[in-house]
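Working through the structure, step by step
Here is what each chain is made of, one letter per residue.
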Amino acid sequence: MRPPAPAHPLVRFRSSRPDLLLCGVVLLAIVLVQGWNITHFPTLSDDEGTYLAQAWAVQQGDGLAHYTYWYDHPPLGWIQIAGLTYLPSLFVPDWMTVAPMRFSMVAVSAVSSVLIYVLARRLWLPRWAAGLAMALFGLSPLSVVLQREIFLDNLAVMWMLLAFCLAASPSRHLWHHFGSGLAAATAVLTKETMLVVLPALLMTMWRHSHRDTRKFALTGAITACALIGLSYPLYALLNSELLPGAGHVSLIDGITYQMSRPGSGFILTPGSGSNGVFRSWLYYDTVLPLGGLAGALLLILTLRWSVTARALAGPALAAVILAAVALRPSGYLPAMYVIQALPFLALVLAGGAASVTHAVLRRRRTPRERRSLTYGRRVLVGVLAATAAVYVLPRWYDGNRTALTADANAPYRQAAAWLGREVPDPGRTRVLVDDALWLDAVHHGFEPGPGAIWFYKADLDPAVTKTLPRGWRDIDYVVSSPTVRRDAVDLPTVKAALEHSTAVAVFGSGEDRIEIRRTDRVDGS
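These remarks concern the structure in this document.

The rules behind these values
Residues numbered from 1 in each chain as written. Predicted model: local features only at pLDDT ≥ 70, side-chain atom pairs only at ≥ 80, totals over all residues. Heavy atoms only, no water. Helix = DSSP H or I, 4+ residues; strand = E, 2+ residues; numbered from the N terminus. Disulfide = S-S within 2.5 Å. Buried < 20%, exposed > 50% of the residue type's maximum accessible area, 1.4 Å probe, protein only. Expected span 1.5 Å × (residues − 1). Pairing = 2+ DSSP bridges. 1 Å grid on protein atoms, 1.4 Å probe; cavity = no way out; pocket = protein on both sides within 12 Å on 5 of 7 lines; lining within 4 Å. Points joined across faces, edges and corners; volume = space filled by probe spheres on them.

Glancing now at unusual backbone geometry. Cis rather than trans, the peptide bond between phenylalanine 41 and proline 42 has omega equal to 0°. Here proline 42 shows up in the loop between α1 (17-35) and α2 (46-60). Even without being a glycine, asparagine 37 presents a positive backbone phi close to 65°. Mapping asparagine 37 onto the fold places it in the loop between α1 and α2.

In structure tokens, the structure reads:
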């Protein structure tokens, strides 16, 4: 039996030429802005290198990670990265390094941008507001910087947006809701922090499903999500790594570590780590984070009276939940956390603009309204739009100009080239590097693992530390990047290697410089 007809007109995206045209134009702008200069800006990060190195290990058939997989995150995220980068790495193996492989994130961002547009239309936003949501999501300088990087969060956002699109499907087929549950589980297995968004997804499904089939839709979605999600602990159980024990890693240990990470302070306390992260977001863009959060709160407060607020209740709730998690006084706040909130902030901000526009143009309007008043309404909308454009566009221009022109990665490229050119016998040389350079070192002939050593592992991985019986004296070089210098404080072997070494090459200057240091093994023996 076919489900009952929806109360709201269907939006057939595939057969709507204006929708396809608008979506295509905005998508082209997003791809150009995000792809241009992507290898040079922003600075390569250790996290990017870690996920890509783990994807490389999957491609090589070496397991789920380039060292012992210790359940730091579910592996599905970098398995997807392995699939995205498989063909280029097959034909051009040397491209399997962080900077060139950032182009794979452009494809992810493009899919997410289209899903934003589709979701906005399914949440009954007008066409122009859907285009605005898409532009806010893809062209904000904050989005451009973070969506370029190889982060699991970007993949998880894509899957969660698909889940929301299916939950708000105008056709209301039950298989759409089952699919929504599957997509949500994939998002959580890609980045586990997506778990907190699930209540907002259920709210969207509740509001957009028909009441006659609602209980089946929700039951099917929850069952599908739970069954797929349970595959992760099942994997650990089958490998005898679910519970802690001697001589092996475990899922419980991984979760315990993540839950016990030292907090970075309250986000609004000046000088705290969380405040620094928050200020870095606002450095790139204040409009999307602050405007979007204000829009989410406004929509929730006007839920009773506003049709737009009720349609966008799910995204608004998601933005508020993610903000509440970030506001935990003692929580850990990583820089990429905001990526999960970007699509919801964009949707509610565009929804708020649509709601204001509708109120100005339509509220209390009668068929006999004077023509001058109608013109006045239109002029007011034009003034509001022009004011917003004057405020936003110059700031976005400055932020995106940096992303399109700056070269922040020249020191990394020079350091990688030095390792390949100046080390005479890399196959028998041991070097400590951060993961942003780890694959470069491997491509230059250093042995993966005991030769090219991800610096954390020299102190924290028993499989690596046992190959260093003399500590820093068993290391030939250490590449001192900002990440290595920052974290060496808590890593005795890395700290000793830095202290007992001499710089033989320096690239860049200041805090961002990269030094290649040769250990003073003769003096220290």
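As enumerated under the stated definition, the model contains zero disulfides in all. In this structure cysteine 165 is a free cysteine whose sulfur lies 11 Å from that of cysteine 23, the closest cysteine sulfur available. Residue classification places cysteine 165 among the buried residues on the basis of a relative accessible area of 3%. Looking at cysteine 225, it has no disulfide partner, and the nearest cysteine sulfur is the one in cysteine 165, 16 Å off. You can call cysteine 225 buried: its relative accessible area is 16%.

Now for helix α20 (residues 371-405). With 35 residues, α20 should cover 51 Å at 1.5 Å per step; its first-to-last C-alpha distance of 49 Å lies within 8% of that length. Among all positions of α20, only Thr374, Arg377, Val392, Trp396, Gly399, Asn400 and Ala403 are buried.

Attention now goes to the pairing of strand β5 (residues 514-519). Within β5, five of the six residues are buried, leaving the element largely enclosed by the surrounding structure. Here four bridges tie strand β3 (residues 477-480) to β5, and the two strands are oriented antiparallel to one another. Considered in β5, the bridge of tyrosine 477 is made with arginine 518. Note that strand β4 (residues 501-507) and β5 share six bridges and pair antiparallel.

Glancing now at empty space enclosed by the protein. The tally for this structure, following the rule as stated, stands at three cavities of 30 Å³ or more. The computed volume of the second largest cavity comes to approximately 60 Å³. Lining the second largest cavity are Val108, Ser109, Ser112, Phe137, Gln147, Asn154, Val157, Ile339 and Pro343. Of all the secondary-structure elements, those providing two or more residues to the lining of the second largest cavity are α6 (103-122) and α9 (152-167). Examining the composition of the lining of the second largest cavity, we find that three residues originate from one element, α6, more than from any other.

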